[in-house]
Amino acid sequence: MKRFFILSVMTIMAVTSVSTASYGKGKEDKHPWVVDRFDDIKVIRYTVPGFEELPLQEKLLAYYLSQAAKCGRDILFDQNFKYNLPIRRTLEAVYVNYKGDKKSDEWRAFEKYLKKVWFANGIHHHYSNDKFTPEFTQAWFEAAMDSVPVSSLPLDFGTVEELKAAILPAMFDPELYASRLDQRAGIDMVAASAGNYYDGVTQAEAEQFYNDMADHSDPHPISYGLNSQLTKGEDGIIRERVWRVGGMYSSAIEQITGWLELAESVAEEPQKSIISSLIEYYRTGDLRRFDEYNIAWVRDTVSNIDFVNGFIEDYGDPMGRKASWEANVNFRDEEACKRTQIISENAQWFEDNSPVDPAFKKKQVKGVSAKVITVAMLGGDCYPSTPIGINLPNADWIRKEYGSKSVTIDNITYAYKKAAEGNGFTEEFVLRAEDRERLERYGKLGDDLHTDLHECLGHGSGQLAPGTKGNELKSYSSTLEETRADLFGLYYLGDPKMVELGLIPSLDVAKAQYASYIMNGMMTQLSRIEKGKNVEEAHMRNRKMIAEWCYEKGLADNVIEWVKKDGKTYIVVNDFDKLRELFGQMLREVQRIKSEGDYEAGKELVERYGVTVDPVLHNEVLERYGALNIEPYGGFINPDYRLVKRKGKVVDVEIVYNYDYAGQMLEYSREWSFLPSKN
Ligand code: ZN
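Scope of this entry: the structure provided in the associated data block. (Residues numbered from 1 in each chain as written. Predicted model: local features only at pLDDT ≥ 70, side-chain atom pairs only at ≥ 80, totals over all residues. Heavy atoms only, no water.)

1. A few points about the overall build of the chain
Here's step 1: What the chain contains, in helices and strands, is 25 helices and 16 strands.
Here's step 2: What you see for the chain is a C-alpha radius of gyration of 24 Å, in line with the 26 Å of a compact globule of 679 residues.
Here's step 3: For the C-alpha atoms alone, the extent of the chain along its principal axes is close to 70 × 60 × 60 Å.
Here's step 4: Looking at the 679 residues of the chain, the share that counts as buried comes to 63%.
Here's step 5: Look at the contacts in the chain between residues 6 or more apart in sequence, and 75% of them connect residues 24 or more apart.
Here's step 6: Only carbon and sulfur atoms are counted for the fraction: they give 48% of the accessible area of the chain, which is about 25,700 Å².
Here's step 7: For the chain, the centre of its 84 positive side-chain charges and the centre of its 106 negative side-chain charges are spaced 3 Å apart. (Helix = DSSP H or I, 4+ residues; strand = E, 2+ residues; numbered from the N terminus. Rg over C-alpha atoms; globule rule 2.2 N^0.38 Å. Buried < 20%, exposed > 50% of the residue type's maximum accessible area, 1.4 Å probe, protein only. Contact = heavy atoms within 4.5 Å. Areas by Shrake-Rupley, 256 points an atom, 1.4 Å probe, with all protein chains shown as cover. Lys, Arg positive; Asp, Glu negative; His and termini not counted. Charge placed at Lys NZ, Arg CZ, Asp CG, Glu CD.)

Written out as structure tokens, the structure is:
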């Protein structure tokens, strides 16, 4: 529930005043930042400043953890949809072996489709969850399949006929498996979602299963169902297939633990024990072990190299229970850490002074550890699309008793900005010159600080009322949780305390962020939504909800205003102080909803303000945005790391940058693919 994606306007606007303090040194190579473009996607490369300067022991640790991060890619493909692996492998077989006309429209459409499948880790869009529509015909594709050597096809799935019978309808029938994640109110979300977390089970059965399993009196409940597929056997009995060594996905997990063992061998305490405890969890699948690991991990604030590796986030499960596999490896960005240190040191002040009901405030804010990091490797559900901030662990009781670790990823935001330079976005959508100037000056700082506040303080703030379990908000919980964290950040960004702490030079930073946030929430983020569709994704819903709610509540005072000029629609903020007050009021209400587990109020808020799109405005945004030729989504390719040996001894780890998206995807499918086509 605690990932922060870069979706704010700054991601995609021209930035001319990016500080390059930590990037200017060293060799800035001449390669473009955007390495590939297709459909609504741009693929960017990122740099890893500071890696060369790490001591050898840390480089080696990062190296082994990075290898482990590459081993679970197949798991995510299979989690996303049961036929993703045979489909990907068939597409790759055609891509590599096809001898026909590669200048044809069909081939080009096929290549685009494959690039999209790689990017989304499956045949459903990584963000909208809608199934891709191939722009080549089934007949062409079947002929292409027939033309390549049979041995190149994934025959571990079955015969060619069986393979075709499974994957062709999945790819070409628009009615079949239409959405990976369907959370429309009132439907059987489990049955309607194509994700592979449940097999032959209805939503009601899944709810019953976990209700029966849970020990409702346990103050330290495990994350029931987090690491398994729930499946109904031919005997009609519902069981969990646990993702562990010897269980489901074993062959990939064994690879992961193999690399983790090597990482453990070079790690120092406390990290050595932490890695060992993660390995133990992967071996047993025991979620108590996972909690032990998380507690040890969150308490480690000293290790420079850090990592995420496991079944972490539950965004992909309509029931918000089962976690996709993800990984990243990172190390501290010392310079930027000073910013988050100041925020962390003042965490109690922020909690005490927040506008929420005193009953729902934490009396003592524990262990808000926050840092700015440089990622060295992205894997699983962090690749190629990655969050720019992470706050873990997710278990509420651990967060309450041990705190959480919060990071923002600076080299990724930096790469995003570099990739967006000069794209014309600001000129098109920001009406007033003063707003444009403020954005240019303070846009990045405002974005960074909002992310920091969201991650370091927002998610960690507040407490549940006695008797509230934390799972009452069901399918609305992700959206409401992101809303709460965002509001906390927005509210405080405009606080004079920020200037006093030396975090911002003036409140103009907040004005820049407020103007862009509202514009994004009410308008420009619609560029990411297909014509005729509503808002589905949690972060987008949260942004829309905040902006629309504040618009409505501020109508009498004209706080936010729609303006028409030369036939174009703009949204402007007229009163920044009142807007901040509204953020505070809404935060109070959203915290109440979470603390009391008020499902009805949460549902009403999300459904009323966060979901429905005005089709006229939507069309306009799509047209204006389309004219700029900017892809609304971005993702990244990884660098490689190589051991440098002298006389059989490792003397260094070398970083090698990649600029070839398809090349990296094919390499990962060749060298880092460990699961059979049927799981
Ligand atoms: Zn968040």
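2. Some details on the coordination of the zinc ion
Here's step 1: Around the zinc ion, the donor atoms from the protein are His-454 (NE2), His-459 (NE2) and Glu-482 (OE), and they sit 2.1 Å away.
Here's step 2: Classification of His-459 as buried rests on a relative accessible area of 3%. (Donors = N, O, S within 2.8 Å, 3.2 Å for Na, K, Ca; no water.)

3. A few points about the packing of helix 3 (residues 84–97) against helix 25 (residues 661–671)
Here's step 1: Interhelical geometry of helix 3 versus helix 25 gives an angle of 120 degrees and a closest axis separation of 12 Å. Our classification of the angle between helix 3 and helix 25 gives oblique. At the point where helix 3 passes helix 25, the crossing takes the left-handed sense. Here helix 3 contributes Arg-88, Glu-92, Tyr-95 and Val-96 to the contact with helix 25, which in turn contributes Ala-662, Met-665, Leu-666 and Ser-669.
Here's step 2: When its residues are assigned to classes, the contact of helix 3 with helix 25 shows five nonpolar, one polar and two charged. (Axes fitted to C-alpha atoms, helices over the stretch in contact; angles between N-to-C directions. Parallel < 35°, antiparallel > 145°, perpendicular 65-115°, else oblique. Left-handed = near helix turned anticlockwise from the far one by under 90°. Nonpolar A, V, L, I, M, F, W, Y, C, P; charged D, E, K, R; others polar.)

4. Observations concerning a negative patch on the surface
Here's step 1: On the surface, a cluster of negative charge is made up of Glu-427, Glu-434, Glu-437 and Glu-440.
Here's step 2: Examining the composition of the negative patch, we find that three residues originate from one element, helix 17 (residues 433–458), more than from any other.
Here's step 3: Tracing the chain through its elements places Glu-427 in helix 16 (residues 425–429).
Here's step 4: Among the residues examined, Glu-427 registers a relative accessible area of 51% and is labelled exposed. (Patch = residues over 30% accessible without salt bridge, like charges linked within 9 Å, V, L, I, M, F, W, Y side chains within 5 Å. Salt bridge = Lys/Arg side-chain N within 4 Å of Asp/Glu carboxyl O.)

5. Some words on the nonpolar core
Here's step 1: Judged by nonpolar contacts, the single largest core of 206 residues is most densely connected at Phe-141 and Phe-583.
Here's step 2: Once residues within four sequence positions are removed from consideration, Phe-583 is found in contact with Leu-487, Leu-490, Tyr-491, Tyr-514, Ile-518, Ile-546 and Cys-550. (Core = buried A, V, L, I, M, F, W, Y, C linked by side-chain atoms within 4.5 Å.)

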